[in-house]
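Results of the structural survey
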Amino acid sequence: MACFFVCVELSFLTAQQNAAKEPLKKNTRDEVVFEDIQQAMIRAESLDARDFAPQDMQQADENLAKARTSTDKKTRQEALRMALQHLENARNISEKPYAQRYIERLNEVYENVVQKDWQRFAANVFAQIEQQFQATKAALQEQGITEKTRFMFDRTWQNIKNFAETAAVNLELVDGVGKMVKDKYIEIGLQVSDVEAALAKGDAAKQAGDLTTALSSYKNAMAALNKSQVTEEFLAKLADTDRLLHALQNDLQKANSLFIMRKDGSLAKLKPFNPQEFLRDNPLVDNPSVPALYQDQYYAEVELENYHVMDIGDKTPGKIQVAAEISDESLYEQAISLWEQGVALRNAGYLDDAKKYFQRSRDYLIAFKKGAITQIYTVQNRPQTEDTLWRIAGFKDVYNNPYLWPLLWQRNKEQLDNPDLLHPGQKLLVPPAD
């Protein structure tokens, strides 16, 4: 489908036509030159003057040919003046019928929508487009072809085309999903009241032009039907997905106790997050539906196309949104979001997709931990036993394992020239052990 947010230049709007928006400039020189004729020719042809004023255009061609072959300056000059006069006449004659041609093109695409009754699927959107249609026609009739009316025509024409294409796609989608559910229902050979009720509701909504309700009802029918299709293979995959879900749940909860470094060197806590509370509000479904595919896409994820209408009076380009730099805190928040989405997918029966979300969540969590710390340790001045990375790593409130000293070394390389040389008062960042 054509992009909704870009004003598409139509095939019949050529580079020559763009010159039509330029007003005729009177020649302030005493003589006419070939460049004047060339510019006048472009302006006339941009309005299809050869269709609407063929005699003047032919006279202009003949005078131009005479000027090119004449060796007498006076004769050449007179021929150029006559050519320029015929071209200006041709342009003036063509202005109104050329604008009418634009109106006819608008009428053609508009009538196509009305004849197919697409407007009943999105009456509010079509009412907005119809207002644009009438306003653009009125502007073309009153003002002819100008830069403003060209812009209005381009967007109105594209809005009508986009509306028709979107309506056709949505109707085909709803028909396809409905047929898929009905075919599967017949194939299974069951009689399920919930399925039949949802199918009847979907059919009635489609007949009334409410495609949103129709699609939702067909999805509900499929969900009810899939409840009876759970297999041992599916249950085994569900168990494997749940193991990954709970392992990541524990990792997220542990990571919530870590700190992030502010720019001023101080520590900051993360926003509190308790995965158990999320699962209490969004409990795991014991028997999720087995999802079905519709044209290589899970039926429950299939959505109607949105109707987008461009403003015919707005020439201001949209601002480009610049993505913000990813901070340590946002890495953790993204890990949470992906885990929560994975839980929702698991409950909907999309086990493969759920596992992908859980894995992406783990990747973000690992990236977060690389920058997070558990504490800042200040190197002490001990007369009897000097602080070393080995000794610090062995402290119970650090790692309780001296063999983990390389973690301290890797995290603090910027300030430690030698892992064996520590100085009292140095602030060591202590990264998590896992």
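Scroll up to find the structure.
The following paragraphs examine the structure supplied in this document. (Residues numbered from 1 in each chain as written. Predicted model: local features only at pLDDT ≥ 70, side-chain atom pairs only at ≥ 80, totals over all residues. Heavy atoms only, no water.)

Turning to the packing of aromatic side chains, a few remarks are in order. Note on aromatic pairs: each is described by the distance of the centres and the angle between the planes. Overall, the coordinates contain 12 aromatic pairs when judged by the stated rule. Measuring from ring centre to ring centre gives 5.0 Å for Phe163 and Tyr307, while their planes differ by 35°; the resulting arrangement is tilted. Here Phe163, found in helix H7 (residues 147–188), pairs with Tyr307, found in the loop between strand E4 (297–298) and helix H12 (328–347); they are 144 residues apart in sequence, far enough to count as distant. Between Phe278 and Trp339 the ring centres are 5.5 Å apart and the planes differ by 55°, which places this aromatic pair in the tilted class. Of this pair, Phe278 sits in helix H11 (residues 275–281) while Trp339 sits in helix H12, placing them 61 residues apart in sequence. There is no split in this pair, since Phe278 and Trp339 are both buried. Among the aromatic residues, ring-to-ring pairing joins Tyr110, Phe126, Phe133, Phe163 and Tyr307 into one connected group. The lysine or arginine in question, Arg360, covers the ring of Tyr357, its NZ or CZ lying 5.7 Å from the ring centre. (Phe/Tyr/Trp six-rings, centres within 6.5 Å; stacked < 30°, edge-to-face > 60°. Helix = DSSP H or I, 4+ residues; strand = E, 2+ residues; numbered from the N terminus. Buried < 20%, exposed > 50% of the residue type's maximum accessible area, 1.4 Å probe, protein only. Lys NZ or Arg CZ within 6 Å of the ring centre and 35° of its normal.)

With that out of the way, let us pick up unusual backbone geometry. Not every positive phi belongs to a glycine, and Asp117 is a case in point at roughly 60°. With respect to the helices and strands, Asp117 occurs in the loop between helix H5 (73–116) and helix H6 (123–143). Look at Asp117 and you get partly exposed, because its relative accessible area is 32%. One non-glycine residue, Asn400, lies in positive phi territory at about 60°. Turning to its location among the elements, Asn400 is positioned in the loop between helix H14 (389–394) and helix H15 (405–411).

The final tally for this structure, using the stated rule, is 16 salt bridges. For Asp51, the salt bridge is made with Arg101, and the minimal N-O distance between the two is 3.3 Å. Of this pair, Asp51 sits in helix H3 (residues 49–52) while Arg101 is found in helix H5, placing the two residues 50 residues apart along the sequence. Across the pair Asp352 and Lys237 runs a salt bridge whose closest N-O atoms are separated by 3.3 Å. Of this pair, Asp352 sits in helix H13 (residues 351–371) while Lys237 sits in helix H10 (residues 232–255), and the two are 115 residues apart along the sequence. Each member of the salt-bridge network shares a partner with another, and the members are Glu45, Arg50 and Asp61. (Salt bridge = Lys/Arg side-chain N within 4 Å of Asp/Glu carboxyl O.)

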